[in-house]
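Here is what each chain is made of, one letter per residue.
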Amino acid sequence: MFKNSIYELKRTKDIIFILAKNGFGDLVESLGIPVPFKKNKPKLSRNERIRKVIEELGPTFIKLAQILSLRPDLIPIELAKEFEKLQDNVTPVPFDEIKSVIEEELEKNFDEYFEGDFTLLASASIGQVYKAKLKTGEIVAVKVLKPEIEEKIYADINILLRLAKIVREKLLVYGIDSIKIVEEFAKSIKKELDFNIEALNLKRFSANFKNNPSIKIPKLYFVSKKLLVLEYIDGIKISDIDKLKKNGYDPKEIAKKGFDLICEQIFIHRFFHADPHPGNLMVYDGKIVFLDFGIMGRLSEEDRRYIIELVFYVIKNEEEKAAEYILKLSKVSKNTDVSSFKKEVADIISTYFYSSLKNIEIKKLIEDLLVSMSRNNVYLKEDNYLFVKSIVTMEGVGKKLYPDFNAVEEIKPFILKVYKKEFSILSFIKKSHELNLSIIEFFNKTPSNINEIIDKLKNGELKIEFEHVGLEEMEKTTKNSFNELSLAIIIASILIGSSMLLSFYVPPLIGHISVLGLGGFIFAFVLGVLLILAIIRQK
């Protein structure tokens, strides 16, 4: 406890000094702390100075900024883009200290599991990665959390939370809620401090692609909270174009293969690698290798449908309808002028999509949309932003490999595949069946539930005493009413389903009319007539 208090005191002093040194002296003085040196006029922009502060403060703050770069709902989009420039390379911890962590996690002597030397491959903010050899002969990649990193990060979070409370009002002017940022960081970093979560992600990812010959996923050998041992894959970095060519690979084909795999992850499996930058991608034996499964995105079935419908309305040149689906994929502030936002988004979409698809860059379109959304206090939900970030990052990789790479053309087949499945006859029948079953079950149970209540009232079990007359007639009327209501809802669901079939031209068709849709309308009409006759007879 005393050790932590000393660390926090020293760390707070460092933070204040670095803030003042980088042109944030006014902020420091506003906290009642004098700045001990002359304040010079800053040469860098405010966002560049914030990035510089983060770099100087080290691992915890770099990790914080990297997480925030994926959350433009928490910080301005311009600052998020500045944070993307941060490099996660830090001075490595001596191997003797790392070895102690490994033995503690293995619960056995180091030499019982490994043989030979460990070769350092990377040193990041919270861990280090080594190349090593198991006793059984396999070459592996060993990922280890740094000693006491958890304690240091949580100590830094405590400091950040105290500072966040002090400066919150001042930072809200710039659209930054400091307390929410620290709370979200604390929530996110927990996942990265437990390799068991990364191992679960790896297993799920591997299961999704077990029959796909285009991808190579490292085998898992061992996992604990602080230690992860994976198959070492000696591939070629996807960004090393010269080496790819020397080994007989066509960069254009590699670009297409990598992008198609990301699209499959997003649109088919709805579970995707959220950080596919060149450092996490390799080529091995003609296959794309994905590394580092710490940050994964998940797309709900509902949000995937919204994305498909968004694309559908874009293609139909109904930009304001498309804007509605952007709103459904987002968190919207109470102060947002929705009508104005829709028009603004419609203008952006029409600017891009009235030109040739070959000229469209997803990155530029997304950037324009995100700026508009930020201005109107509309923010994509976290996983939906990760999906956008993943697509944009992979488009950048594709363009580096092959300058004429067109991401829009590559996405189209996946959108069409999901669209056909989503609005296929089988899917429609399944959804209609599930909806009708739910409706029927609810309204079938309702009369019996009402009967039960009436019976209890009759028997005095509800402890309500009153004199009643004609209760049997009331019971009969209630039953009839609910049966009629059940039928009316079933008719309504058939009409809605038929409208969808007609709207999306689901085959078989007569001219441009869906036979199933037309049949549904006729069937609903007949049921409606029978319902009206039944009601008239009761009167």
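To keep things clear, this report deals only with the structure shown in the data block. (Residues numbered from 1 in each chain as written. Predicted model: local features only at pLDDT ≥ 70, side-chain atom pairs only at ≥ 80, totals over all residues. Heavy atoms only, no water.)

## Overview of the overall build of the protein chain
We count it as follows: The helix and strand labels rest on DSSP assignments: H or I over at least four residues marks a helix, E over at least two residues marks a strand, and numbering proceeds from the N terminus. Relative accessibility thresholds used throughout: buried, under 20% of the residue-type maximum; exposed, over 50%; partly exposed, between the two (1.4 Å probe, protein chains only). It only takes one pair of heavy atoms within 4.5 Å for two residues to be counted as in contact. A 1.4 Å probe and the Shrake-Rupley method give the accessible areas. Residues count as covered only by the protein chains that appear here.
Looking only at helices and strands, the protein chain has 21 helices and 15 strands in total. For the protein chain, the proportion of its 539 residues judged to be buried stands at 45%. Put simply, 66% of the contacts in the protein chain that link residues at least 6 apart link residues at least 24 apart. Carbon and sulfur atoms provide 56% of the accessible area of the protein chain, an area that totals close to 29,500 Å².

## Some remarks on the sheet that holds strand E7 (residues 236-237)
To be explicit about the condition: Paired strands are those between which DSSP finds at least two bridges. For helices, the axis comes from a line fit to the C-alpha atoms of the stretch in contact; other axes are also lines fit to C-alpha atoms, and the angle between any two N-to-C directions lies between 0 and 180 degrees.
Taken together, the four strands give an open sheet; going across it, the order is E4-E10-E9-E7, and neighbouring strands pair in mixed fashion. Strands at the two margins of the open sheet, each flanked by one partner only, are strand E4 (215-216) and E7. Of the strand pairs in this sheet, strand E9 (residues 281-284) and strand E10 (residues 287-290) are connected by four bridges, and their pairing is antiparallel. Pairing of Tyr 284 across the sheet is with Lys 287, part of E10. Its contacts with the sheet place helix H12 (residues 251-269) against E4, E9 and E10, and it is angled at close to 55° to E10.

## Describing a negative patch on the surface
Put simply, the rule is: Like charges are joined within 9 Å and nonpolar side chains (Val, Leu, Ile, Met, Phe, Trp, Tyr) within 5 Å, but only among residues with over 30% relative accessible area and no salt bridge; these make up the patches. Salt bridges are defined by distance alone: a side-chain nitrogen of Lys or Arg within 4 Å of a carboxyl oxygen of Asp or Glu. For the purpose of charge, His is not counted, nor are the chain termini; Lys and Arg are scored as positive and Asp and Glu as negative. For this purpose, a charge sits on NZ of Lys, CZ of Arg, CG of Asp or CD of Glu.
Together, Asp 96, Glu 97, Glu 148 and Glu 151 make up a region of like negative charge exposed at the surface. Checked against the element boundaries, Glu 151 lands in helix H8 (residues 149-172).

## Here's the deal with the nonpolar core
To keep it simple, the criterion reads: Only buried Ala, Val, Leu, Ile, Met, Phe, Trp, Tyr and Cys residues count toward a nonpolar core, and they belong to the same one when joined by side-chain atoms within 4.5 Å.
Of all hydrophobic cores here, the largest spans 120 residues; its most connected members are Phe 83, Phe 205, Phe 267, Phe 290, Phe 387 and Ile 391. Not counting residues within four places of it along the chain, the set of residues in contact with Phe 387 comprises Ile 266, Phe 267, Phe 272, Leu 299 and Ile 307. Judged by nonpolar contacts, the second largest core, of 17 residues, contains Val 93, Ile 102, Phe 110 and Phe 114.

## Quick notes on the environment of Leu 228
Note that Leu 228 resides in strand E6 (residues 227-231). In this structure the C-alpha to C-alpha distance between Leu 228 and Phe 195, which are 33 residues apart in sequence, comes to 6.3 Å. Beyond its immediate chain neighbours, meaning those up to four positions away, Leu 228 contacts Ala 141, Val 142, Lys 143, Phe 195, Glu 198, Ala 199, Leu 220, Phe 222 and Val 223.

## Details of the pairing of strand E3 (residues 139-145)
Every regular strand shows the same layout, with side chains that alternate between the two sheet faces. For E3, the tally of buried residues reaches six of seven residues, placing the bulk of the element in the interior. By the bridge criterion, seven bridges tie strand E2 (residues 127-134) to E3 in an arrangement that is antiparallel. Within E3, the position partnered with Gly 127 by the bridge is Leu 145. Connecting the antiparallel pair E2 and E3 is a turn made up of four residues, with Gly 137 showing a positive phi of about 105°. Judged from the five bridges that link them, E3 and E6 form a sheet pairing that is antiparallel. For Ala 141, the partnering residue across the bridge sits in E6 and is Leu 230.

## Topic: the sheet that holds strand E1 (residues 114-123)
One open sheet holds the five strands; their spatial order is E1-E2-E3-E6-E5, and the pairing between them is antiparallel. Edge positions in the sheet fall to E1 and strand E5 (220-223), since each has one partner strand and no second. In this sheet, neighbouring strand axes are inclined to one another by 20° on average, regardless of whether the strands run parallel or antiparallel. As defined by bridge partners, E5 adjoins E6 across three bridges and the pair is classed as antiparallel. Residue pairing in the sheet places Leu 220 in a bridge with Leu 230 of E6.

## So, the environment of Ile 75
The residue Ile 75 is located in the loop between helix H4 (59-68) and helix H5 (77-83) in this model. Taking the relative accessible area as the measure of exposure, Ile 75 reaches 3% and is therefore buried.

## Digging into the packing of helix H14 (residues 319-328) against helix H15 (residues 338-353)
In a packed pair of helices, the relevant descriptors are the angle between the two axes and the axis-to-axis distance. Convention followed: Each crossing is labelled by how the near helix is turned from the far one, with a counterclockwise turn of less than a right angle marking it left-handed and a clockwise turn marking it right-handed. Gly is put with the polar residues, along with every residue not named as nonpolar or charged; the nonpolar set is Ala, Val, Leu, Ile, Met, Phe, Trp, Tyr, Cys and Pro, and the charged set is Asp, Glu, Lys and Arg.
Across the interface, H14 lies against H15 with an axial gap of 8 Å and an inter-helix angle of 115°. In terms of crossing hand, the pair formed by H14 and H15 is right-handed. Along the contact surface, H14 presents Glu 319, Glu 320, Ala 322, Ala 323, Glu 324, Ile 326 and Leu 327, while H15 presents Val 338, Phe 341, Lys 342, Lys 343, Val 345, Ala 346, Ile 349 and Ser 350. Here the residues of the contact of H14 with H15 are counted per class, giving nine nonpolar, one polar and five charged.

## Brief notes about unusual backbone geometry
Unlike most non-glycine residues, Asp 285 shows phi in positive territory, near 55°. On the basis of relative accessibility, which here comes to 60%, the residue Asp 285 falls in the exposed class. In the Ramachandran plot, Asp 292 falls in the positive-phi region, its phi being about 65° despite a non-glycine side chain. Tracing the sequence through the fold places Asp 292 in the loop between E10 and strand E11 (296-298). Note on Asp 292: relative accessible area 34%, which makes it partly exposed.

## Re a nonpolar patch on the surface
Judged by side-chain polarity, Ile 513, Leu 518, Ile 522, Phe 525, Val 526, Val 529, Leu 530 and Leu 533 come together as a nonpolar surface patch covering roughly 720 Å² of accessible area. Counting residues per element, the nonpolar patch draws most heavily on helix H21 (residues 515-538), at seven residues.

## So, the packing of aromatic side chains
The line we're drawing: When two rings of Phe, Tyr or Trp (its six-membered ring) have centres within 6.5 Å they constitute a pair, described as stacked for plane angles under 30 degrees, edge-to-face for angles over 60, and tilted for the intermediate range. Any Lys NZ or Arg CZ found within 6 Å of a ring centre and within 35 degrees of that ring's normal is scored as a charge over the ring.
Within this structure, the stated rule accounts for 16 aromatic pairs. Arranged with centres 5.2 Å apart and planes meeting at 40°, the rings of Phe 205 and Phe 209 form a pair that is tilted. Residue classification places Phe 205 among the buried positions, given a relative accessible area of 0%. Looking at Phe 209, the relative accessible area reads 3%, which means it is buried. Between Tyr 313 and Tyr 325, the aromatic rings sit 5.7 Å apart at their centres with planes inclined by 20°, giving stacked as the arrangement. Of this pair, Tyr 313 sits in helix H13 (residues 301-315) while Tyr 325 sits in helix H14; the two residues are twelve residues apart in sequence, bridging distant segments of the chain. This pair shows no difference in class: Tyr 313 is buried, exactly as Tyr 325 is. Within the aromatic cluster, the residues linked to one another by ring pairs are Phe 95, Phe 110, Tyr 113, Phe 114, Phe 118, Tyr 130 and Phe 222. Above the face of the Phe 24 ring, Arg 49 is positioned so that its terminal group lies 4.7 Å from the ring centre.

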